[in-house]
Amino acid sequence: QLLEISFSKEVSAMVSCGCLKDPFHYDSPKSIHFRSVGCVCAKWFIYVFIAIYICYTLIAHKRYQEKEEVTSSVRTSVKGVAHAVSRIWDTAEYAIPMQASLNLIDSFFVMTNVIQTENQLQGRCPEAPFAKAICSTDKSCEKGSADVHSNGVQTGRCVQYNATLKTCEIMAWCPVPMEEHPPVPAVLRSSEDFTVLIKNNIHFPKFNYTVQNISPNFNSSCTFNKITSPLCPIFRLGDILQEAKENFSEVAVKGGIIAIEIKWDCNLDSWSYYCSPEYGFRRLDDKTRTQYPGFSFRFARYYKLLNGKEQRTLFRVYGIRFDILVFGTGGKFGSVELFTFIGSTITYFGLAFTAIEIFFFLYNCSCCCKIPFCDNIIRKKYETVLEPKQVMLVSYVDKPHVILIKKPLKTSLQYAEGSIFENHPVKFSDPCSFFTKEPSENHDTEESKLSWLMQSTRSPKCPKWCCCGQCNLTQKFHEQLCCRSTDGPCITTTYWFKKLVLSRETLNKALLYEDPFLDLKDDNTSNQLRHAAYKQYVHWRFGSFELEDRAVIPSCCRGVIRSTYPKADGNYTGFKIE
């Protein structure tokens, strides 16, 4: 199966480890085709996984729906009667309305424990003992002062509190309440069996839809149970604390804060309608704290005596505050949301190419476990494009590959080390079409061997870096190049060099191919033929005319071309004929 790997901009940024060394390298995407069962299997595995994930998210999370937050209102009704402290406690006494809702949270309070201070009248009496109220003389009491912990205003007198202790006298509601711990067990511990009816109405303005938690066929005798009656809106207080994993008898002593959570997850589509509440319970206050634990406050009830004086009973009550938290969303099919989700998730399929690219990137950066197949892919995929001034391309007749050598040179170009250059031949014309007869292969081989035998004795003027015996002396490193990397016959002695590079008929056809109206009888014809010979050599040995600005023609070949099509003044921009 044919796999096409298209490199995205993000992946192609990781062309090679060398890109981290030079921040000024720009990377451009490139596509290649190769056969690989492993890559194809990995690609389709990721495709299937992503497709399953998209389908699951689309259906399970209803990503095709338009969503809206719930708007709600809550009303509560607590019922129950208790007998404690020689009296009857009904709803009007133990269900105390909260003065204000906190942060728009609906709450109700149920009294579970109480400390009463009865028959209080305005007058003078000893202060309850605490550090700043204890005294020994009147000097310890400052008239008119009132401490934040005091029950009244000091009169300036130090009076007897009991047989062993004196405290400052105050003007207050007397007698002052004693600092006592709440009774254990709680006074209204039987409130565990009280019930509360919660009426919750919700509204979705965008969809113009309203619903409540009380169904038309509501059974008023039901009691909430997570298994048997999960939709019943009547809750037993003991069951609420049990669901919150708390013990009612323990919480009732000092009080606490319990959250009743009502979650609405409504699907308003006609084909799969569902809109029912889900109830949850948890404790909000920290029961482990030692200072000011639980939940308590004070209030008083006032009476008018026959003599006209005002009397009151002070209550310090402990109880449980229930905060009702309503939240949720409603959803309905929306084409915009559906196409937006599909459009955003299509890009996930690019992860398959990203994963494969990461594998090749990590492989390219590793130094072990080299695989020839992967090495070939890396060479094809990561092609470095350098400026002509930065590199030179060399082609030896006895080597199958074009060699890329980077500048600057520190030694002769013949001895410089380089890497294989993966070029892509683009032939503008077929040189073989210029031939009028087929060459004699045996004649060419014998002629080359004869020439090599005649040159087996190296000329004293031949440079050391020359392997064919035909190169010219030069002092510049970039001009010191032979047509061969090892000793052997020169390429200029072959039939193909003469027909492809030196043949005037071939060069005339090449020039006329580029410019059909070219005058070949002009005085500048020799220069044109020489440059055409250079191009023919580059096309022959390097596979493309496009490499002309980077390809280096060997000294021996350039010398033969110049001697065949010389310049009038003998001065050349590159090599000079010795």
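Every value quoted in this text rests on a predicted model; they were computed, and no experiment measured them. (Residues numbered from 1 in each chain as written. Predicted model: local features only at pLDDT ≥ 70, side-chain atom pairs only at ≥ 80, totals over all residues. Heavy atoms only, no water.)

Engineer: Help me understand the overall build of the protein chain, please; the structure alone is not making it clear to me.
Structural biologist: If you tally the helices and strands in the protein chain, you get 13 helices and 20 strands. Sequence-distant contacts, at least 24 apart, represent 66% of the contacts inside the protein chain between residues at least 6 apart. A total of about 34200 Å² of accessible surface is found on the protein chain, and carbon and sulfur atoms cover 56% of it. (Helix = DSSP H or I, 4+ residues; strand = E, 2+ residues; numbered from the N terminus. Contact = heavy atoms within 4.5 Å. Areas by Shrake-Rupley, 256 points an atom, 1.4 Å probe, with all protein chains shown as cover.)

Engineer: Would you take a moment to explain the packing of aromatic side chains for this structure?
Structural biologist: Under the defined criterion, the tally for this structure stands at 23 aromatic pairs. A centroid spacing of 5.9 Å and a plane angle of 70° characterise the contact between F235 and F281, whose relative ring orientation is edge-to-face. Pair noted here: F235 is in strand β13 (residues 234–236) and F281 is in strand β15 (residues 277–283), with a separation of 46 residues, a long-range link. Of the two residues examined, F235 and F281, each falls in the buried class. On the numbers, 6.3 Å between centres and 70° between planes, the contact of F295 with F297 is edge-to-face. Since its relative accessible area comes to 24%, F297 is described here as partly exposed. An aromatic cluster is defined as three or more aromatic residues linked by ring pairs; in this entry it consists of F109, F295, F297, F299 and F315. The residue whose ring lies beneath R87 is W89, and the NZ or CZ to ring-centre distance is 4.4 Å. The ring of Y534 has R558 sitting right over it, with the charged end atom 4.9 Å from the ring centre. (Phe/Tyr/Trp six-rings, centres within 6.5 Å; stacked < 30°, edge-to-face > 60°. Buried < 20%, exposed > 50% of the residue type's maximum accessible area, 1.4 Å probe, protein only. Lys NZ or Arg CZ within 6 Å of the ring centre and 35° of its normal.)

Engineer: I keep staring at the state of the cysteines and nothing clicks. Help me out?
Structural biologist: Should the sulfur atoms of two cysteines be covalently bonded, the bond is a disulfide. Scanning all chains against the criterion turns up five disulfides. Between the sulfur of C266 and that of C275 lies a disulfide, 2.0 Å long from S to S. Given an S-S torsion of about 55°, the disulfide between C266 and C275 has right-handed geometry. Considered together, C266 and C275 belong to a single accessibility category, that of buried residues. Here C41 stays unpaired: no disulfide links it, and the sulfur of C39, its closest cysteine neighbor, is 9.4 Å away. The class for C41 is partly exposed, based on a relative accessible area of 49%. For the unlinked cysteine C471, the closest cysteine sulfur is that of C466, found at 3.1 Å. (Disulfide = S-S within 2.5 Å.)

Engineer: Which parts of the structure should I look at to understand the UniProt feature "transmembrane region" (unreviewed entry) in the protein chain?
Structural biologist: Residues given the UniProt feature "transmembrane region" (unreviewed entry) here are residues 32–59 and 338–363. With 82% helix and 14% strand, residues 32–59 has end C-alpha atoms that lie 37 Å from one another. The distance separating the terminal C-alpha atoms of residues 338–363 is 40 Å; by composition the span is 88% helix and 0% strand. (UniProt positions renumbered as here; feature names shortened; annotations may be inferred.)

Engineer: Help me out: how do you make sense of the side chain of T494 in this one?
Structural biologist: Assignment of secondary structure puts T494 in the loop between α9 (441–454) and α10 (495–502). Among the polar contacts listed, one links the side chain of T494 to the backbone oxygen of I491, at a separation of 2.7 Å. Within the structure, T494 has its side chain in polar contact with the backbone nitrogen of F497 (distance 3.3 Å). (Polar contact = N/O pair within 3.5 Å; in protein donor to acceptor, adjacent residues only side chain to side chain.)

Engineer: Looking at this model, I keep getting lost on the pattern of salt bridges. Mind explaining?
Structural biologist: Opposite charge on two side chains allows them to pair when their charged atoms are near. As enumerated under the stated definition, the model contains 17 salt bridges in all. Among the ionic pairs, K226 bridges to E243, the shortest N-O distance being 3.9 Å. Here E243 lies in helix α4 (residues 237–243) and K226 lies in the loop between β12 (209–212) and β13, a separation of 17 residues in the sequence. The partly exposed category is assigned to K226, whose relative accessible area is 47%. Look at E243 and you get partly exposed, because its relative accessible area is 33%. With its nearest N and O atoms 2.9 Å apart, the salt bridge here joins D323 to R321. Comparing D323 with R321 shows no difference in burial state: the two are buried. Sharing partners across several salt bridges, the network here consists of E192, D193, R236 and D239. (Salt bridge = Lys/Arg side-chain N within 4 Å of Asp/Glu carboxyl O.)

Engineer: What am I meant to see in the sheet that holds strand β20 (residues 419–421) here?
Structural biologist: Hydrogen bonds between backbone groups are what pair the strands of a sheet, and the pairing can be parallel or antiparallel. Spatially, β18-β19-β20 is the arrangement adopted by the three strands of the open sheet, whose pairing is antiparallel. For this open sheet the edge positions go to β18 (391–395) and β20, each flanked by a neighbour on one side alone. Looking at each pair of strands side by side, their axes are set apart by 45° on average, direction ignored. Sheet analysis places strand β19 (residues 402–406) next to β20, joined by three bridges and oriented antiparallel. Paired with L404 across the strands is S419, a residue of β20. (Pairing = 2+ DSSP bridges. Axes fitted to C-alpha atoms, helices over the stretch in contact; angles between N-to-C directions.)

Engineer: What should I look at first to understand the nonpolar core in this one?
Structural biologist: Side chains of nonpolar character tend, in soluble globular proteins, to be buried together. Within the largest apolar cluster, 49 residues are counted, with the highest numbers of intra-cluster contacts made by Y94, M111, I240 and F322. Ranked by residues supplied to this core, first place goes to strand β14 (residues 256–267) with six residues. Apart from the residues lying within four places of it in its own chain, the contact partners of F322 are D106, S107, F108, V110, L237, I240, L241, I258 and I260. Counting residues in hydrophobic clusters, the runner-up holds 35 residues, among them V402, I491, L500 and L547. (Core = buried A, V, L, I, M, F, W, Y, C linked by side-chain atoms within 4.5 Å.)

Engineer: Please explain the environment of V110 as it appears in this structure.
Structural biologist: Along the chain, the position of V110 falls in strand β8 (residues 106–126). Separated by 212 residues in the primary sequence, V110 and F322 have C-alpha atoms spaced 8.2 Å apart. Setting aside residues no more than four positions away along its own chain, V110 makes contact with V78, Y94, S191, F194, L237, G319, I320 and F322.

Engineer: Looking at this structure, how should I read a nonpolar patch on the surface?
Structural biologist: A cluster of nonpolar side chains, namely Y53, Y348 and L351, defines an oily patch on the protein surface of about 290 Å² accessible area. Along the chain, the position of Y348 falls in the loop between α6 (335–346) and α7 (350–365). For Y348, a relative accessible area of 33% gives the class partly exposed. (Patch = residues over 30% accessible without salt bridge, like charges linked within 9 Å, V, L, I, M, F, W, Y side chains within 5 Å.)

Engineer: Would you take a moment to explain unusual backbone geometry for this structure?
Structural biologist: Backbone geometry follows two general trends: most residues other than glycine have a negative phi, and most peptide bonds adopt the trans configuration. In this structure, P175 follows C174 across a cis peptide bond, with omega equal to -5°. Looking at the secondary structure, you find P175 in the loop between β10 (166–174) and β11 (195–204). Residues V184 and P185 are joined by a peptide bond in cis, for which omega reads 0°. The topology assignment puts P185 in the loop between β10 and β11. Backbone geometry places N119, a non-glycine residue, at a positive phi of 55°. Residue placement: N119 occurs in strand β8. Owing to a relative accessible area of 47%, N119 belongs among the partly exposed residues under this scheme. Of note in the backbone geometry, N208 takes a positive phi value of approximately 55° without being a glycine. When you line up the elements, N208 lands in the loop between β11 and β12. Its relative accessible area of 66% is what places N208 among the exposed residues.

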